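What the coordinates show
Next come the chains, spelled out residue by residue.
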Amino acid sequence: MSLQTANAGQVRVLASIKPIQLIAQDMLGGLAQIGVLLPPGSSPHHYSLKPSSIAQMHDADLFIWGGPELELFLTKTVSQLEHPALALLEGGEAHHHAEAQTADTEADTHHDHDHGGSDPHFWMAPERALAAADLIKDRLVDRYPENAALYEQAYNDFAARLAVTDQQLQQQLKAVGDTGFYVFHDAFGSFVTHYQLNQLGYFTVDPGRKPGARRLSEIRTALETNQARCVFVEPQFKAPVVDSLIRGLDIRVGRLDPLAVAIDVGPDGYSNYLQSLAESFTNCLSGE
C-alpha cells in the first residue's frame, strides 16, 4: 500500500483556477501534486495565457478546467495537449444542476449572457462540487487503475466531510434566508439557490462590463424601497458604481470572493471556502 501511495503522490494535476484546485486538493490530499494555472485573483473571464502557462499545461499528467463555457481562452491550448484535459462543465452532473435557477433572471439577461443558460460557477454549490470531484476521481481511476481503491476512498471521505459542512451551513443560513441583497457579478447563483437565500439581483453578468443606466436605476429604486439590506462587492473588481448607488442609504456592503483568493489550499480547503461565503452572507445580512 505504501508503494501505491508513493506512486499516486507523483501524479501531477494542474487546475485552471483556484476553486478547482481547492476541490481536487481537499479530496485527494497527498495522492497527487495539485498546482494552479491562473495566479490568485485573476478572473477566468479576462485572462491571456503566457508561454510559461502553456508549458505548465503540457507538463501536467492531468489538466482540469471548467470548460469553454467558463474559460474560452484555454480552448486552443487544451486541444493540443497530449493527455486529454478534463472539462468539468461538460461532464454530466456538474453541468446540469443549475438549469432551474437561471430561469427567473433569463428575461433581462438573455441579450448579454455568455454563460450558455447554465451557471458555470459550479464550485458555489456543494452538490455540484461533489459531482466535479466524482469526475476527477473517475478520470484518475481510468488513468491509474492500480490506485483505484485509494481514489475511491478519498472521494468517499470527501463526500462525507462535505455533507457535514453542508448541514452546518444549512442551519447557519436559515436565519438570514429572507433578507434581500444584491451581488456585483452574477457568480453566486448556485450557492444562493442551494441555501435558499434571497438574492434580488446582480449588477452585471460580465464583471468586465459596466451595468447600463436602466439597470442601475432599477437597483437604486430597489435599494431605496428598503428591499435590500446588503450589497456584495468582490475583491477582483473595483466597483465605484456601488459606492454611488448606495450613497445616502442605510445599506451594508459585504465582500464575496468568487475565486477563493484568501483560502488556504489543503485539507478542508473547499469546505473552508463554503464556510467563508456563509460567514460573509451571515455577517452582512444579520447586521443591524
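Note that the coordinates shown come from a computational prediction; the quantities given were computed from them, not determined experimentally. (Residues numbered from 1 in each chain as written. Predicted model: local features only at pLDDT ≥ 70, side-chain atom pairs only at ≥ 80, totals over all residues. Heavy atoms only, no water.)

**Notes on the environment of Tyr155**
Within the element layout of this structure, Tyr155 appears in helix α8 (residues 148-174). Note: C-alpha distance between Tyr155 and Asp26 (129 residues apart in sequence) is 9.5 Å. (Helix = DSSP H or I, 4+ residues; strand = E, 2+ residues; numbered from the N terminus.)

**Comments concerning the pattern of salt bridges**
According to the stated counting rule, one finds nine salt bridges in the structure shown. Residues Lys137 and Asp138 are paired through a salt bridge, measuring 2.9 Å at the closest nitrogen-oxygen approach. Arg220 is the partner of Glu224 in a salt bridge, and the nearest nitrogen-oxygen pair spans 2.8 Å. Remark: Arg220 and Glu224 occur in helix α10 (residues 213-224); sequence separation between them is four residues, near one turn of the helix. Note on Arg220: relative accessible area 24%, which makes it partly exposed. Salt bridges linked by common partners bring Asp134, Lys137, Asp138 and Glu152 together as one network. (Salt bridge = Lys/Arg side-chain N within 4 Å of Asp/Glu carboxyl O. Buried < 20%, exposed > 50% of the residue type's maximum accessible area, 1.4 Å probe, protein only.)

**Re the sheet that holds strand β4 (residues 86-87)**
In space, the four strands of this open sheet follow the order β2-β1-β3-β4, with parallel pairing throughout. In this open sheet, the two strands that pair with only one neighbour each are β2 (33-36) and β4. Where strand β3 (residues 62-65) meets β4, two bridges bridge the pair, whose relative direction is parallel. Along β4, the bridge assignment pairs Ile64 with Leu86. Lying on the sheet, helix α2 (residues 18-28) is in contact with β1 (12-15), β2 and β3; it crosses β2 at an angle near 170 degrees. (Pairing = 2+ DSSP bridges. Contact = heavy atoms within 4.5 Å. Axes fitted to C-alpha atoms, helices over the stretch in contact; angles between N-to-C directions.)

**Focus: the confidence of the model for the chain**
Here the chain averages 85 in pLDDT, and 85% of its residues register 70 or above. Per-residue pLDDT stays below 50 along residues 92-116; that stretch engages in 43 contacts with residues further than four places along the chain or on separate chains. (pLDDT = per-residue confidence, 0-100.)

**Side note on the pairing of strand β6 (residues 198-204)**
Both strand β5 (residues 180-185) and β6 contribute to a ladder of five bridges, which runs parallel. Along β6, the bridge assignment pairs Phe181 with Gln199. As for the winding sense of the linkage, the β-α-β connection from β5 through helix α9 (residues 189-194) to β6 is right-handed. (Right-handed = clockwise from strand over helix to strand, strands pointing away.)

**Here's the deal with the environment of Ala15**
Examined against the element boundaries, Ala15 turns out to sit in strand β1. The buried category is assigned to Ala15, whose relative accessible area is 0%. Distance from Ala15 to Phe63, taken between C-alpha atoms, is 5.9 Å for residues 48 residues apart in sequence. In contact with Ala15, not counting residues within four places along its chain, are Ile20, Gln21, Gly35, Val36, Leu37, Phe63 and Ile64.

**What about the side chain of Glu234?**
Structurally, the position occupied by Glu234 is in the loop between β7 (230-233) and α11 (240-246). The side chain of Glu234 is buried and forms no salt bridge, while Arg255, the nearest opposite charge, is found at 9.8 Å. At 3.3 Å, the side chain of Glu234 and the side chain of His185 are in polar contact. Those residues in contact with Glu234, other than ones at most four positions away along the chain, are Phe184, His185, Phe188, Leu256 and Pro258. (Lys, Arg positive; Asp, Glu negative; His and termini not counted. Polar contact = N/O pair within 3.5 Å; in protein donor to acceptor, adjacent residues only side chain to side chain.)

**Some points on the packing of α2 against helix α7 (residues 126-143)**
Two numbers describe how α2 lies on α7: the axes approach to 10 Å, and their chain directions differ by 65 degrees. Crossing angle aside, the handedness with which α2 passes α7 is right-handed. Contacts between α2 and α7 involve Ile23, Ala24, Met27 and Leu28 on the former and, on the latter, Ala129, Ala133, Ile136, Lys137 and Leu140. Residue composition of the contact of α2 with α7, by class: eight nonpolar, no polar and one charged. (Left-handed = near helix turned anticlockwise from the far one by under 90°. Nonpolar A, V, L, I, M, F, W, Y, C, P; charged D, E, K, R; others polar.)

**So, α10**
In a regular helix each residue adds 1.5 Å, so 12 residues correspond to 16 Å; α10 covers 16 Å between its end C-alpha atoms and thus fits that length. Listed in full, the buried residues belonging to α10 are Arg215, Leu216, Ile219, Ala222 and Leu223. An end-on view of α10 places all buried positions within 125 degrees of arc, on one side of the element. α10 presents Ala213 and Arg214 as exposed residues on the side facing more than 90 degrees away from its buried surface. Where α10 ends, the next residue or the one after it, Asn226, has phi of about 65 degrees, a positive value. (Expected span 1.5 Å × (residues − 1). Arc of directions from axis to C-beta.)

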